Amino acid sequence: MKRLSTVAPSVVVSLAILLFIGIAAVAPNLLAPGNPLAIHPTASFLPPSLGHPFGTDESGRDVYTRIIHGAGASVLIGITATAIGLGLAIVFGLLAGLGPRWLDFGTTRLLEVLFAFPGLLFALLFIVIYGPGVLTSTIAVGLATAPGYSRIIRSRVLVVKRAPYIEASLVLGRSRFFRVTRHLVPNVAGSLFVLATLGIGQSIVWASSLSYLGLGAVPPAAEWGAMLSGGRTYISSFWWLTFFPGLFIVLTAAATTLLGRGLHERVRS
Amino acid sequence: MTALLSVRNLSVTFGAVAAVHDVSFDIPAGACVAIVGESGSGKSVTARTILGLAGRDATVSGSINLDGPDLDGPDLDGTEVTDASPRRLRALRGRDIGFVSQGALVALDPLRTVGREIADSLRIHTNLSPRQRQQRVIELLESVGMPEPTLRAGQRPDELSGGLRQRAVIASAIALNPRLLIADEPTTALDSTITAGILDLLAGLRERGTAILLISHDLAVVSRLASHVVVMRDGVVVESGSTQQVLREPQHPYTRDLIAAVPGGHAHVGSPAGDPVVTAVGVTKRFGSRVAVDDVSYVLPRGRTLGVVGESGSGKTTLARLTLALERPDAGAIELFGQPWTASPERDRTARRPRIGAIYQDALSSFDPRLTVRQILSDALGSGATVGGRATEAELVTLVERVGLKATVLARHPRVLSGGQQQRVAIARAIAPRPDIIVCDEPVSNLDVSVQAQVLTLLDGLQREFGLSYLFITHDLGVVRQVSDELLVMKDGVVVERGATEAVFAAPQHPYTRALLAAVPDLWA
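Residues numbered from 1 in each chain as written. Chains lettered and ligands numbered in written order. Predicted model: local features only at pLDDT ≥ 70, side-chain atom pairs only at ≥ 80, totals over all residues.

Enquirer: Can you tell me about the overall build of chain B, naming the residues and giving the values?
Expert: Secondary structure summary: chain B contains 19 helices and 20 strands in total. For a compact globule of 525 residues, the expected C-alpha radius of gyration is about 24 Å, and chain B comes in at 25 Å, within 12% of that figure. Long-range contacts, defined here as pairs at least 24 residues apart, represent 66% of the contacts in chain B between residues at least 6 apart. (Helix = DSSP H or I, 4+ residues; strand = E, 2+ residues; numbered from the N terminus. Rg over C-alpha atoms; globule rule 2.2 N^0.38 Å. Contact = placed C-beta atoms within 7 Å.)

What follows is the structure, given as structure tokens:
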């Protein structure tokens, strides 16, 4: 009981939301047994009610069922994009932080050029070249977030590299490989985990933005951004078509961010 | 004459923890009373409580009475600090009670000039015009022995050395001629020649009638300044009396232990010298245009301790790093067992590194913060080829018990251990690979005096058991006298004197060595 009381309420709420979204992503049928693509032309544009808690869309599809079934796609895009971004960032960050000076110089200049582009613009540029679609938009978001992460990882590597305990390990006669794998990477990774949780929310928002622009997943796919895009035409008459997908994007992003913050505080203390 | 400060039955508790219990003492005007004790003895809490700074969580009982002869300035009228309003306390602090805090090196605002910092209390408590204040600041800096006061008043703290910063802090504390000055470890972290200057400055203030409450763990400093000593342990006064009486004829066993633990009381008896294990020839290291180590040569024989003494910036730590081959010398070379050491590439050195270990001043930061004591020592015992090592539990227990720790520390993180325990873990890590040499860089400087004595005894025992050679870096002449067979005295990167330790202490040749020795507040004189 004592341990529970030391956890901030925001973290508890975030965990509850993420648990719900996690179940929706892994086993959507537990929460919404219907078919997200089933059409009922007679039941179109029904407002939220007991039968349809989030209402129905222009083809009579249940919005709640679509959101639950869309969680998998949306969360997967968010996680994959973050993983791509962080993966690249780890490579660049370690190269810059541990490599010879010319490599650090080259990598850092390249990252600065990329950093000068607004992230979303960079993602759009990538899609212009490789064409729209779920995969390209995911990769685009991953690429767009990589420079920011790389910079953070590089600076962490530079700090940890000079830590007295790394030097103490050298004095004990430990190989470079041992020092990097035993001491440097785990100490850098501690902050990475926090970065990742902070990043997933952002990636979901970005991927949804691309879908909304019609450059990622496209209707009738039950992806949140695509659902927003589909409901755009009816935004003035049937608010629930855009409100609920938007709400879930915000909830997921907020929950992961709050959780990331909570973890960050914990790591720092 | 009535006492200026009279403390009666003072107790301070934080929740259920009694930090100070039933402490009483008096300080007459123009006298210095010292509270002596180790970390956690309650001496700093006592000082802060007298300033009304015990904090909100503290429950204070007893009486702290300020009175005394009416000099110029407002009458203290037997002010009772424990009952005083926050407003009254603010008026007391600065004007009637000056405070020189422990962290003198960080007590000044880095963004403001020293002059403005000192002028602050004048601005708050007096009606002087800005021009008069400026004048007074210069006078104050002059009175604390600051060279070129006009220039210094316009400088920021980072442009001043540690000793000058401490003088500036004292100047701001005495700006309003307080009748009581509370000095909490005023010379800790200062070099011995600078310490001597600060002690003379405080003695001068005392002569002019300022009462001083000195808080210190250093009996030698206390013996120089205080007329009365209060020895505290675990929040309780175990002994008090005149300095002469307490230091010469201590009654309480704890006081006797404290005095016995002061390093330098007895000389080192070393083993006979063996073959050279480290040989340094003409080693020079430059950082930019600054020469940190200039043409230093030494020989370290097996089973012996070579002490390296010097003040901050003398190049002694750079010499330690060169010996560990963490820096490459710009000229000269160091050999290990007659083989090239600094001259060979790192990949040739790595296999030989386990033969030369190191312990540092700040033991805690030399441990990976994620690892427990078990993991740290297990790594050190392992070959280093694999992550995690393969030390057996029995080996680990033998190792921690050899350095005087219980096996229960293995499961803990170093950060939850005490300073002495952390240094013991560091020593255990250093001896784990069975080295021949250990480079000790100020290994006991952060420790309380009795813990210091225990760690030095441990190092001595290990030297005899394993035939270790130590390169022992320290600024503390008492420590070096106790541990080392031979001595290098460094100043500005150059070895100004060398020889057998006792010979150097008995008949120092170089003026700098003489100045160093004269500056040591000697308890044994």
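Enquirer: So what's going on with the pairing of strand β1 (residues 5-14) of chain B? Residues and values would help.
Expert: In summary, the side chains of a regular strand alternate between the two faces of the sheet. Residue and element names in this part refer to chain B. Of the strand pairs in this sheet, β1 and strand β2 (residues 17-27) are connected by seven bridges, and their pairing is antiparallel. Counted as the bridge partner of L10 is V23 from β2. In textbook terms, the turn of a hairpin is the stretch between consecutive antiparallel strands, and for β1 and β2 this stretch comprises two residues, one of which, G15, has a positive phi near 60°. Pairing of β1 with strand β4 (residues 58-66), which is carried by eight bridges, proceeds in the antiparallel orientation. From the neighbouring strand, F14 faces β4, where its bridge partner is A58. (Pairing = 2+ DSSP bridges.)

Enquirer: Tell me what's going on with the sheet that holds strand β3 (residues 32-36) of chain B, and back it up with residues and numbers.
Expert: Residues and elements named next belong to chain B. Reading across the sheet, the six strands line up as β6-β7-β8-β3-β9-β10 and stay open at both edges, with mixed pairing between neighbours. Taken across any chain shown, the strands that pair with only one partner, and hence form the sheet edges, are β6 (97-100) and β10 (236-242). Pairs of neighbouring strands in the sheet enclose a mean axial angle of 15°, with direction left out of account. (Axes fitted to C-alpha atoms, helices over the stretch in contact; angles between N-to-C directions.)

Enquirer: Tell me about the packing of helix α4 (residues 63-98) of chain A against helix α7 (residues 134-161) of chain A, residues and numbers included.
Expert: Two measures define how a pair of helices packs: the angle their axes make with one another and the distance between the axes. All names here are of chain A. Two elements in contact, α4 and α7, have axes whose closest approach is 5 Å; the angle formed by their N-to-C orientations is 35°. α4 and α7 meet at a crossing whose hand is right-handed. Looking at the contact of α4 with α7 residue by residue, the classes come out as 19 nonpolar, eight polar and two charged. (Left-handed = near helix turned anticlockwise from the far one by under 90°. Nonpolar A, V, L, I, M, F, W, Y, C, P; charged D, E, K, R; others polar.)

Enquirer: Account for the confidence of the model for chain B, with residues named and values stated.
Expert: All names here are of chain B. Looking at chain B, pLDDT values average 85 and 93% of them are 70 or higher. Note that residues 70-74 has pLDDT below 50 and, in this model, one contact with residues that lie over four places away or in other chains. Scored below 50 in pLDDT, residues 384-388 makes nine contacts in the model with residues more than four places away or belonging to other chains. Confidence metrics for the complex model read pTM 0.77 and ipTM 0.74. (pLDDT = per-residue confidence, 0-100.)

Enquirer: Account for the environment of V496(B), naming residues and giving values.
Expert: Residues and elements named next belong to chain B. The residue V496 is located in strand β20 (residues 494-500) in this model. Among the residues examined, V496 registers 18 C-beta atoms within 10 Å and is labelled partly exposed. Measuring from C-alpha to C-alpha, the distance between V496 and D109 comes to 37 Å, with 387 residues separating the pair along the chain. With residues near it in sequence (within four places) discarded, V496 still touches V489, K491, H510, Y512 and T513. (Buried ≥ 20, exposed ≤ 12 C-beta atoms within 10 Å, placed from the backbone.)

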